[in-house]
Amino acid sequence: MDSWNTAGPGTYEHDAAPHPYPPAPADPALDPPTQNFARVPAPQADAFDLNPQRAPVAGYRVPEVPESAWSVDTRRSTLISRGALLCVLLVQAILTLRLGGSVFQDEALYIASGHYELANLLHGTPLPVDFADYFSGHPKLYPVLAALVDDRFGLSGVRFLRLLFLLATTTLLYARTRRLFNARSALGAAALFAVVQPTLTLGRLATYDGAALFLLALGLWLVVRTGRMRVPAVLLAAPPIALACGVKYAAALYVPTLVLLAVLTAYRQRGARTLLRGVVLGLGVLALLGLGYALSGPLGGITSTTTDRAHGGDPASRLLDHSAQWGGLLVLTAAGGSIAYVLRARMVEMPWVRGSTPGRWRRALLGLLLTGTAFLAPAYQIHLQTEVSLFKHVGFGLLFAAPMAGLGMSRLIGPHFRNPQLGIMLFVLTLVLGMVQAQNAFSWPDARGPARYLRTVVDREGLYLAEESEVPAYLLRDRTGWNQWVNTTFFADTAKDGKRYEGSDPAGFAAAVRDARFDAIMLRGGVTPEVDAAVEKALLPHHDEQRRLGLRDTPRQRVRPDGRVRRRVRTAAGPGRRTGSVAGPGRGGGTTASPSRPAP
């Protein structure tokens, strides 16, 4: 139209000659006056703009797009991985809380000792025994904390505290593995570790293993987290590592692994300078341990339970078999991850992305160190020929091997999630094994029924025999003292015939029963079968007399010279049974299952 013509009537800006046809006369009603319009400059078109007439919006900038979103640590990927971690922790909590059962022998021992230690610290009450003489951890650390929680929330509260320790351990494992490798490996490590039998068991038992495991996990995370900092920063890991060794002396077995890991994760240094980081950490831990030992005084439990523990008679084949059942699948996955890590530092998801990775030798040493640490506890207990607490100690090694297992699970799935079904199969198999094994571990008899009846029998003056004396001593601590309970593993007494007995000699226990030393006897079978048989044999003449007199439905009793009544209380639970009924009025005369009776 004429309103766009600036070269005069009859011509256009792009024409070189006058147009042969003159324009139509202007109509004021249809065509506004030309002078009311200003000349509009032509928009600057971009070379890649599909619509060159469109003017760009002022202040708008196209964001940069990552080349491969699944392997870039963006905010979205971080939120997704943390959400997946919360799901893993929820599964771990559910599987742990489903484990039930009354108080376990070790739980009763540590919580009860914590009450006595707490009374000694607050009120100066003398200790019934020197717990530091035979404890495998400092009695004034975790037992005191457990006693404080037990006073307020009971056994359930102490067990919930243990669950929190294990959930924090899994979280720290995730953070450490992500720092070492990537988020996918971290999720795999957390998922596998969260469902194995030692993790579920330690998350439910109110012993100090969970606290020590959490402190080791914290020390591990700090060692890896400070790997890119200056050398003195590694000293941040020394306090939790030293405290873990104080909480449980066996945790010192893993201090060399932590020192070597500090060397392998010293990314800022090369050559001999990497050794400096390990030396600094080792000296820091030793200094703190020496200071703690000097302040606490003699600790006989270090030698009797850890460094010079008595040897047992369990065969190595059984220890290897049980260790493989409880952690073999995770260790096997870790071994596969270590081999894959040596062959290739990264998967080929983004071959165009370049970045510094550790050399092959460092990768090989890292995989060998973390995976090999899982064999320390089984090897040491094979040396001692004892299976005592093996189901707990295996979990410490799995904490170190889990990052390589997560890496192995990631490599098994493959780049671009090529084989997700393989990762799902591995996790489900680990989950099922862990659930079944943890449930079988919680199969001891329920002591609450016997304790209710014993409450009507015991007092502050009697002497009582029980296979696991720690359990009734904890449950009945308001009515009895610690030294009133005798277990079937040690007893020192001089019989009426003048003969001295000491230790676990069945003849000594039989003589004590015949001499009416005990006011009540509580046996369940399976712990010390030889002693149980001797005690039963010593009770048979009195049992036959009761049957002859028609007293089958009354507790077995004998009148002492001072006129007090001595009662024999025995549980009807065989090895592994969950009944735990007690002999008493209306309970069938207190018959006891044979120690050789198979568990149902």
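Residues numbered from 1 in each chain as written. Predicted model: local features only at pLDDT ≥ 70, side-chain atom pairs only at ≥ 80, totals over all residues. Heavy atoms only, no water.

## Considering the overall build of the chain
In terms of regular secondary structure, the chain is built from 19 helices and seven strands. Sequence-distant contacts, at least 24 apart, represent 71% of the contacts inside the chain between residues at least 6 apart. Roughly 30,500 Å² of accessible area belongs to the chain as shown, and the carbon and sulfur atoms make up 62% of that amount. (Helix = DSSP H or I, 4+ residues; strand = E, 2+ residues; numbered from the N terminus. Contact = heavy atoms within 4.5 Å. Areas by Shrake-Rupley, 256 points an atom, 1.4 Å probe, with all protein chains shown as cover.)

## Side note on the environment of Val-149
Residue placement: Val-149 occurs in helix α3 (residues 142-180). Exposure remark for Val-149: the relative accessible area of 15% places this residue in the buried category. Residues Val-149 and Phe-160, eleven residues apart in the sequence, show an inter-C-alpha distance of 9.8 Å. For Val-149, the residues in contact, after removing those within four places along its chain, are Gly-154, Gly-157, Val-158 and Leu-161. (Buried < 20%, exposed > 50% of the residue type's maximum accessible area, 1.4 Å probe, protein only.)

## Here's the deal with the sheet that holds strand β2 (residues 485-486)
In space, the three strands of this open sheet follow the order β2-β1-β5, with parallel pairing throughout. At either margin of the open sheet sits one strand with a lone partner, and together these are β2 and β5 (520-522). (Pairing = 2+ DSSP bridges.)

## Focus on the packing of helix α4 (residues 183-195) against helix α15 (residues 420-441)
Close contact between α4 and α15 brings their axes to 8 Å; oriented N to C, the two are set at 25 degrees. For the element pair α4 / α15, the angle class is roughly parallel. Packed against α4, whose contacting residues are Ala-191, Leu-192 and Val-195, the element α15 presents Leu-426, Phe-427, Thr-430, Leu-431, Gly-434 and Met-435 at the interface. Grouping the constituent residues of the contact of α4 with α15 by class yields seven nonpolar, two polar and no charged. (Axes fitted to C-alpha atoms, helices over the stretch in contact; angles between N-to-C directions. Parallel < 35°, antiparallel > 145°, perpendicular 65-115°, else oblique. Nonpolar A, V, L, I, M, F, W, Y, C, P; charged D, E, K, R; others polar.)

## Some points on the pattern of salt bridges
Close approach of charged atoms allows side chains of opposite charge to pair. Applying the stated criterion across every chain, the model contains eleven salt bridges. Residue Glu-117 pairs with Lys-140 through a salt bridge whose shortest N-O separation is 2.8 Å. With Glu-117 in helix α2 (residues 105-123) and Lys-140 in the loop between α2 and α3, the pair connects residues that are 23 residues apart, well separated along the chain. In this structure, Lys-392 and Asp-209 form a salt bridge, with 3.3 Å as the shortest nitrogen-oxygen distance. Here Lys-392, found in helix α14 (residues 390-413), pairs with Asp-209, found in helix α6 (residues 209-225); they are 183 residues apart in sequence, far enough to count as distant. Summarising the burial analysis for this pair, Lys-392 and Asp-209 share the class buried. Within this structure, Asp-106, Asp-209, Lys-248 and Lys-392 form a network of salt bridges that share partners. (Salt bridge = Lys/Arg side-chain N within 4 Å of Asp/Glu carboxyl O.)

## Quick look at unusual backbone geometry
Phi is positive for Ser-389, which is not a glycine, with a value near 65 degrees. Take Ser-389: it is sitting in the loop between α13 (376-384) and α14. By relative accessible area, which is 14% here, Ser-389 ends up buried. If you check the backbone angles, Ala-516 has positive phi at about 60 degrees while not being a glycine.

## Let's talk about the nonpolar core
Tyr-142, Leu-216, Leu-261, Leu-281, Leu-399 and Trp-485 are the most contacted members of the largest nonpolar core, which totals 115 residues. If you tally residues by element for this core, the top one is α3, at 14 residues. For Leu-399, the residues in contact, after removing those within four places along its chain, are Thr-169, Leu-173, Arg-176, Phe-193, Leu-213, Leu-216, Ala-217 and Leu-220. Membership of the second largest hydrophobic core comes to 15 residues, among which are Leu-465, Phe-509, Ala-538 and Leu-539. (Core = buried A, V, L, I, M, F, W, Y, C linked by side-chain atoms within 4.5 Å.)

## Quick look at α3
Between its first and last C-alpha atoms α3 spans 31 Å; for 39 residues at 1.5 Å apiece the expected length is 57 Å, and the helix comes up short by more than 12%. Along its length, α3 shows its largest kink, about 130 degrees, at Phe-153. (Expected span 1.5 Å × (residues − 1). Bend = angle between axes of the 7 residues up to and from the residue.)

## Topic: the packing of aromatic side chains
Summed over all chains, the structure comprises 16 aromatic pairs. Ring centres of Tyr-110 and Phe-135 lie 5.4 Å apart, and the angle between their planes is 85 degrees; on these two criteria the pair is classed as edge-to-face. Note that Tyr-110 is positioned in helix α2 and Phe-135 in the loop between α2 and α3, a separation of 25 residues in sequence. With respect to class, Tyr-110 is no different from Phe-135; both count as buried. For the ring pair Phe-491 and Phe-509, a centre distance of 5.7 Å and an interplane angle of 35 degrees mean the geometry is tilted. Note that Phe-491 is positioned in the loop between β2 and β3 (493-494) and Phe-509 in helix α18 (residues 506-514), a separation of 18 residues in sequence. Residue class for Phe-491 comes out buried when judged on its relative accessible area of 9%. (Phe/Tyr/Trp six-rings, centres within 6.5 Å; stacked < 30°, edge-to-face > 60°.)

## Considering a nonpolar patch on the surface
On the surface, Ile-424, Val-428, Val-432 and Val-436 cluster together into a nonpolar patch covering about 330 Å² of accessible area. Within the secondary structure layout, Val-436 lies in helix α15. (Patch = residues over 30% accessible without salt bridge, like charges linked within 9 Å, V, L, I, M, F, W, Y side chains within 5 Å.)

## Some remarks on α4
Counted at 1.5 Å a residue, the expected span for α4 with its 13 residues is 18 Å, and the 19 Å between its end C-alpha atoms agrees. Backbone nitrogen of Arg-184 and a side-chain oxygen of the N-cap are separated by 3.3 Å at the start of α4; the cap is Asn-182. (Polar contact = N/O pair within 3.5 Å; in protein donor to acceptor, adjacent residues only side chain to side chain.)

## Observations regarding the side chain of Asp-515
With respect to the helices, strands and loops of the structure, Asp-515 is situated in the loop between α18 and β5. Of the side chains with opposite charge, Arg-517 comes closest to the buried, unpaired Asp-515, at an N-O distance of 4.4 Å. In terms of polar contacts, Asp-515 uses its side chain to reach the backbone amide nitrogen of Lys-496, at 3.1 Å. Residues contacting Asp-515, with those up to four places away along its chain left out, are Ala-495 and Lys-496. (Lys, Arg positive; Asp, Glu negative; His and termini not counted.)

## Thoughts on the packing of helix α8 (residues 255-264) against helix α9 (residues 274-296)
When two helices pack together, you describe them by how their axes are tilted relative to each other and by the distance separating the axes. Packing of α8 against α9 brings their axes to within 7 Å, and their N-to-C directions diverge by 145 degrees. Every pair of crossing elements has a handedness; the one defined by α8 and α9 is right-handed. Contacts from Val-255, Leu-258, Val-259, Leu-261, Ala-262 and Val-263 of α8 reach α9 at Thr-274, Leu-275, Arg-277, Gly-278, Leu-281, Gly-282 and Val-285. Residue classes in the contact of α8 with α9 are distributed as nine nonpolar, three polar and one charged. (Left-handed = near helix turned anticlockwise from the far one by under 90°.)

## A look at the confidence of the model for the chain
Summarising the model, the chain shows a mean pLDDT of 79, and 75% of its residues fall at 70 or more. In this model residues 67-71 is a low-confidence stretch, pLDDT under 50, and it forms eight contacts with partners more than four residues away in sequence or in other chains. (pLDDT = per-residue confidence, 0-100.)

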